[in-house]
Amino acid sequence: MPKHTVQQSQLFGEALEDKRGADPVVPSRIPSTSPFHQPRALTESERERYRKMSQESRRARESALSGNGPAPIHEINIPRLDPLKLMPQVRRNGLRTLSLFSGGGGLDLGFDRAGFEHVASYEIMNDATATISAARPEWKVFGGEGGDVRNVDFRQWKGEVDIIHGGPPCQPFSNAGRQKGHLDERDMWPKFVEAVQAIKPIAFIGENVPALASAKFSNYVNTSIIEPLSKNYHITPVILEASDFGVPQVRRRVFFVGFRTKKAAARWSPPTPTHFWGERQLDSGTERCMGLREALGLADIGVDDLSPTIRSALTGPRHTTSILNSVAAQRRFEAMEIWPNGVAATREQARAFVAKNGHFRLSVPDVALIQGFPEDWPFQGATYMALGQIGNAVPPPLAYAVASSVSAAVAK
Ligand SMILES: C[S@@+](CC[C@H](N)C(=O)[O-])C[C@H]1O[C@@H](n2cnc3c(N)ncnc32)[C@H](O)[C@@H]1O
């Protein structure tokens with residue numbers, strides 16, 4: 001995989017040229033390992049402050065993990081939610097899928113459980129492809145340069161694939177980013193469109209942050225996605241909420257679902273909720289979605305809620321082991337007595353590294369659960385990398401719901 005160090009700084013050079021009086025902005029000394037990393041324009045004194053904070057927290061963690069920290073307060077949690085029960089394995093439906101921008105495999109897993117046959121995954125980040133390969137060693141997974149969709153001639157898959165799915169990077173559109181849309185080098189929607197045009201599958205599913213469906217990007221969506229594809233496809237955008245499918249998190253995503261035939265498009269309807277949270281039960285056929293504490297198997301403290309939308313540790317201005325997105329999210333976690341920063345690699349380490357305020361520290365498997373991944377999905381790489389793959393993913397039960405709806409519309 002290419003290193004994104006100096007080049008990345010040059011990419012966002014305009015920010016780095018910014019001067020703040022006598023204290024000029026300086027580039028980070030830490031090399032970026034993700035194509036999404038937008039180094040923050042920080043001055044030397046700001047960098048020094050962050051350096052001190054992170055050194056302090058590293059020392060506290062090391063001391064806790066070697067048994068010299070405050071005594072643990074919480075037991076190791078045994079989750080109550082089993083995401084696999086939200087997506088029971090369906091028999092093969094005879095439809096073959098090509099996965100683009102596969103990340104750690106959220107969409108791939110949902111489609112797999114819904115009965116689709118996996119043909120291949122393309123993903124640029126090596127840790128993410130290592131995750132998919134560890135989970136499904138028999139799958140064909142292209143990673144690094146070979147997984148970079150910019151290098152692929154998709155005509156090789158014509159006739160081999162029935163469905164294309166993928167979530168092109170959302171950073172160009174996300175409210176958390178600079179929202180440069182097509183001006184952002186990471187805008188990969190044109191490659192997704194190109195793949196659909198080259199392969200002409202029966203159907204495609206393109207996923208992204210709901211901001212892409214906002215007025216700000218309506219022109220972009222029309223000219224870059226709808227117009228080029230509507231010559232051959234009937235396309236419907238739909239915004240879905242993960243907790244409607246049992247995922248204990250507030251997470252909305254937009255899906256562009258396109259069918260080549262009018263008949264399949266007419267047969268398709270968006271997935272109907274299987275779960276409800278709070279007062280939202282619309283019909284008696286839906287089950288209650290677990291709150292975050294309940295899903296994690298934590299004691300009842302009289303307060304429970306859905307997790308706020310977790311952030312991807314790769315998309316913020318710095319690589320981090322925090323899943324916090326906003327001040328509102330922080331308040332929500334606080335009310336549930338959950339500590340969303342300094343996520344630990346394992347539950348044992350989370351227990352040993354007591355949070356300053358005594359709240360429950362999360363671990364990578366806990367965050368995976370919040371995103372609807374089963375306990376055994378083997379995220380690879382350092383903690384921030386695993387969190388990045390998790391935070392970038394479509395919750396597999398949500399992917400499963402969409403995949404099942406497509407299967408019902410085009411089943412042979
Ligand atoms: C939003 S994430 C997709 C997550 C995935 N759909 C899931 O459910 O787990 C976007 C992914 O696109 C990948 N990506 C970015 N540029 C790429 C490129 N040029 N070729 C292949 N993958 C790329 C990123 O590494 C990232 O994992």
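What counts as what
Residues numbered from 1 in each chain as written. Predicted model: local features only at pLDDT ≥ 70, side-chain atom pairs only at ≥ 80, totals over all residues. Heavy atoms only, no water. Salt bridge = Lys/Arg side-chain N within 4 Å of Asp/Glu carboxyl O. Helix = DSSP H or I, 4+ residues; strand = E, 2+ residues; numbered from the N terminus. Buried < 20%, exposed > 50% of the residue type's maximum accessible area, 1.4 Å probe, protein only. Core = buried A, V, L, I, M, F, W, Y, C linked by side-chain atoms within 4.5 Å. Domains from an automatic or database assignment. Contact = heavy atoms within 4.5 Å. Near = heavy atom within 4 Å. Polar contact = N/O pair within 3.5 Å; in protein donor to acceptor, adjacent residues only side chain to side chain. Areas by Shrake-Rupley, 256 points an atom, 1.4 Å probe, with all protein chains shown as cover. Nonpolar A, V, L, I, M, F, W, Y, C, P; charged D, E, K, R; others polar. Phe/Tyr/Trp six-rings, centres within 6.5 Å; stacked < 30°, edge-to-face > 60°. Lys NZ or Arg CZ within 6 Å of the ring centre and 35° of its normal.

(A) Representation of the pattern of salt bridges in the model. Following the criterion strictly, the structure yields 14 salt bridges and no others. Here R51 and E48 are joined by a salt bridge, their closest N and O atoms 2.8 Å apart. In this pair, R51 and E48 are both assigned in helix α3 (residues 44–65), three residues apart and thus about one turn of the helix distant. Taking the relative accessible area as the measure of exposure, R51 reaches 22% and is therefore partly exposed.

(B) Looking closely at the nonpolar core. Core analysis: the biggest nonpolar cluster contains 67 residues, and I163, F255, F259, I338, L362 and V406 have the highest contact counts within it. Examining the composition of this core, we find that nine residues originate from one element, helix α16 (residues 396–410), more than from any other. Taken domain by domain, the makeup of this core includes at least three residues from each of domain 2 (83–280 + 395–410) and domain 3 (290–386). Aside from chain neighbours lying at most four places away, what touches I163 is L95, R96, T97, L98, F111, F116, P201, A203, I205, V406 and V410. Counting residues in hydrophobic clusters, the runner-up holds 35 residues, among them V149, W157, F192 and V221.

(C) Broad picture of the site of the ligand. Around the ligand there are 21 residues in total, and G106, E123, D148, V149 and V394 lie nearest to it. The contact in question runs from an oxygen atom of the ligand to an N or O atom on the backbone of G106, over 2.9 Å. Contact between the ligand and E123: an oxygen atom at 2.5 Å from a side-chain N or O atom of the residue. In isolation the ligand offers 600 Å² of accessible surface; the protein chains occlude 97% of this area. Partitioning the shell around the ligand into residue classes produces ten nonpolar, eight polar and three charged.

(D) Representation of the packing of aromatic side chains within the structure. In total, this model carries ten aromatic pairs according to the counting rule given. Their ring planes at 80 degrees and their centres at 5.8 Å tell us that W189 and F256 sit as a pair that is edge-to-face. Taken as a pair, W189 in helix α8 (residues 189–199) and F256 in strand β10 (residues 252–259) lie far apart in primary sequence, 67 residues in all. Taking the relative accessible area as the measure of exposure, W189 reaches 0% and is therefore buried. The class for F256 is buried, based on a relative accessible area of 2%. Measuring from centroid to centroid gives 6.0 Å for F259 and W268, while their planes differ by 45 degrees, and the two rings are tilted. Residue class for F259 comes out buried when judged on its relative accessible area of 1%. For W268, a relative accessible area of 9% puts it in the buried group. Taken together, the ring pairs connect W189, F192, F204, Y233 and F256 into an aromatic cluster. Over the ring of W139 we find R136; its NZ or CZ atom is 5.7 Å from the centre of that ring.

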